[in-house]
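# Secondary and tertiary structure notes
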Amino acid sequence: MAVVECKNVSIRYITGDFKAIGLKEYVMRKLTRNYHVTEFWADRNVTFSLEKGDMLGILGTNGAGKSTLLKAITGIMVPTEGEVKCEGSIAALLELASGFDPDLTVRENTYLRGALLGYTRKFMDEKYKEIIEFAELEEFQGHFFKQLSSGMKSRLAFSIACLINPDIIILDEVLSVGDGAFKQKSGNRMKEILNHGVTGLLVSHSVSQVRDLCNKVLWLDHGKQIAFGDAFDICNAYEHFLATPKSEQKLPKNMAEIMEISHKFQIYKLIEREEILRKRKKKKVPGAVKETAIQREQRIMEKINSMTPEELEPYEQELLETESV
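The following paragraphs examine the structure supplied in this document. It should be emphasised that the depicted structure is a prediction, and the values quoted were computed from it without experimental measurement. (Residues numbered from 1 in each chain as written. Predicted model: local features only at pLDDT ≥ 70, side-chain atom pairs only at ≥ 80, totals over all residues. Heavy atoms only, no water.)

### Concerning the packing of helix α10 (residues 255–281) against helix α11 (residues 293–306)
Their axes nearest at 10 Å, the elements α10 and α11 cross at an angle of 115 degrees. Here α10 is positioned roughly perpendicular relative to α11, judged by the angle of their axes. In the crossing of α10 with α11, the sense of the turn from one axis to the other is right-handed. Touching K264, F265, I267, Y268, I271, E272 and E275 of α10 are R296, E297, R299, I300, M301, K303, I304 and N305, all from α11. (Axes fitted to C-alpha atoms, helices over the stretch in contact; angles between N-to-C directions. Helix = DSSP H or I, 4+ residues; strand = E, 2+ residues; numbered from the N terminus. Parallel < 35°, antiparallel > 145°, perpendicular 65-115°, else oblique. Left-handed = near helix turned anticlockwise from the far one by under 90°. Contact = heavy atoms within 4.5 Å.)

If you want it as structure tokens, here you go:
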């Protein structure tokens, strides 16, 4: 049975209506015949379902409708069209830094945040040391919250949020907090939570993070659903899309096209690795123009498209051997 199910979910924003502009402005515009509303569809006909233990990564550039969709799933927003069904308790980590008082200490804010999330005083007493140690704030417990850096604030919020034990967990860019070491630690904590059979949804701009944590991916672009399915091929196609110059970007039309792009992308990675190994053996040429990542992918992809089946054969064989391991 599906734990999370979205059927043709569409979400519309309206600007310039009565609620947005107020009574006075509404009357003035009506009298001057200058009253009109503007519709904007943040998401359009999004459909997918998740089983228990699935982890969904939602990919898309800014303005794709990712965060809006999460708000509909958590119940913060009601879809304009379609329906959302969720089975079990939901914990949503959407805005980590909210719910803190800048004029209270780190210790006081820890208890305040815990209370807002529904934890008892006894529970917070038991978990306080663990929270502070995980957030790496042992030396800042008496400092005012406003004196902390943005990274410290986010670490504290994430540490408190990790105490939850829901059926469904929803994460909006929360695994991007802190430095590299803390990102690794927070990623490992999320894996622990997911290993207990929790169903998860993760919005992230990090394709590598989605590859590492998710078994399914939903790709959105300007509110439109581009693809939903296994993470491997969609991540490959999306990474290729990002590396393509904007003037040449083309969205895939179906899963068959995504599979084809993914296959070429894997060959590209093999050729890129070969070139990097060759360059390491060569001496650096002073004043040589450095090739950008986009230029490199564009050049190698053009090379792949012009290669004969015989030239592609060694790479195809290596991919088969990799898949069989």
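### What about a positive patch on the surface?
A cluster of like positive charges, contributed by R278, K279, K282 and K303, occupies part of the molecular surface. Here R278 lies in helix α10. Looking at R278, the relative accessible area reads 43%, which means it is partly exposed. (Patch = residues over 30% accessible without salt bridge, like charges linked within 9 Å, V, L, I, M, F, W, Y side chains within 5 Å. Areas by Shrake-Rupley, 256 points an atom, 1.4 Å probe, with all protein chains shown as cover. Salt bridge = Lys/Arg side-chain N within 4 Å of Asp/Glu carboxyl O. Lys, Arg positive; Asp, Glu negative; His and termini not counted. Charge placed at Lys NZ, Arg CZ, Asp CG, Glu CD. Buried < 20%, exposed > 50% of the residue type's maximum accessible area, 1.4 Å probe, protein only.)

### Thoughts on the pattern of salt bridges
Inspection of the entire model under this criterion finds 14 salt bridges. Put simply, K127 and E130 hold a salt bridge, and the shortest N to O gap is 3.5 Å. Taken together, the residues span about one helical turn, with K127 and E130 both in helix α5 (residues 121–135) at a distance of three residues. Measuring nitrogen to oxygen at the nearest pair gives 3.0 Å for the salt bridge that ties E136 to K185. Here E136 is found in the loop between α5 and α6 (150–161), whereas its partner K185 is found in helix α7 (residues 180–194), with 49 residues between them in sequence. We classify E136 as partly exposed; its relative accessible area is 35%. Judged by relative accessible area, which is 26%, K185 ranks as partly exposed. Each of K269, E272 and R296 takes part in salt bridges that share partners, so that together they form one network.

### Examining the pairing of strand β6 (residues 168–172)
The side chains of a regular strand alternate, residue by residue, between the two faces of the sheet. In terms of residue burial, β6 counts as a mostly covered element, since five of its five residues are buried. Here β6 shows no split at all, with I168, I170 and D172 on one side and I169 and L171 on the other all buried. Relative to β6, strand β5 (residues 90–93) runs parallel, the two sharing four bridges. If you follow A92 over to β6, its bridge partner there is I170. Bridge count for β6 against strand β7 (residues 199–203) is five bridges, and the pairing is parallel. Along β7, the bridge assignment pairs D172 with V203. (Pairing = 2+ DSSP bridges.)

### Looking at the side chain of K216
Secondary-structure assignment places K216 in strand β8 (residues 216–221). In this structure the side chain of K216 is engaged in a polar contact, spanning 3.1 Å, whose partner is the side chain of D54. (Polar contact = N/O pair within 3.5 Å; in protein donor to acceptor, adjacent residues only side chain to side chain.)

### Brief notes about unusual backbone geometry
For N8, which is not glycine, the phi torsion reads 50 degrees and is therefore positive. Inspection of the secondary structure puts N8 in strand β1 (residues 4–15). Classification of N8 by relative accessible area gives partly exposed; the value is 45%. Non-glycine residue E136 carries a positive phi angle of around 60 degrees.

### A few points about the nonpolar core
In terms of nonpolar packing, the biggest core is built from 31 residues, with I169, L171, V217, W219 and C235 touching the most fellow members. By residue number, the principal contributor to this core is helix α9 (residues 231–243), which donates six residues. Non-local contacts of L171, meaning those with residues more than four positions away in its chain, are made with M55, L70, L93, M190, L201, L202 and V203. One finds I11, L50, L201 and V203 within the second-largest nonpolar core, a separate group that totals 22 residues. (Core = buried A, V, L, I, M, F, W, Y, C linked by side-chain atoms within 4.5 Å.)

### As for the environment of S10
Structurally, S10 can be placed in strand β1. S10 sits in the buried class, given a relative accessible area of 0%. For the pair S10 and K224, spaced 214 residues apart in the sequence, the C-alpha separation amounts to 9.5 Å. Dropping the residues within four chain positions of it, S10 is found in contact with W41, D43, R44, N45, P79, T80 and E81.

### Let's talk about the packing of aromatic side chains
Counted under the stated rule, the structure contains eight aromatic pairs. Both rings, one in F48 and one in F228, keep their centres 5.7 Å apart while their planes meet at 40 degrees; by these two values the pair is tilted. Of this pair, F48 sits in strand β2 (residues 38–50) while F228 is found in strand β9 (residues 224–230), placing the two residues 180 residues apart along the sequence. Here the aromatic rings of W219 and F241 are separated by 5.5 Å at their centres, their planes lie at 65 degrees, and the arrangement is edge-to-face. Placement of the pair is W219 in strand β8 and F241 in helix α9, with a sequence separation of 22 residues. For F241, a relative accessible area of 6% corresponds to the buried category. Grouping aromatic residues by their ring pairs yields a cluster made of W219, Y238 and F241. Above the ring of W41, the side-chain terminus of R44 is found at 3.8 Å from the ring centroid. Against the face of F134 rests K185, its NZ or CZ located 4.8 Å from the ring centre. (Phe/Tyr/Trp six-rings, centres within 6.5 Å; stacked < 30°, edge-to-face > 60°. Lys NZ or Arg CZ within 6 Å of the ring centre and 35° of its normal.)

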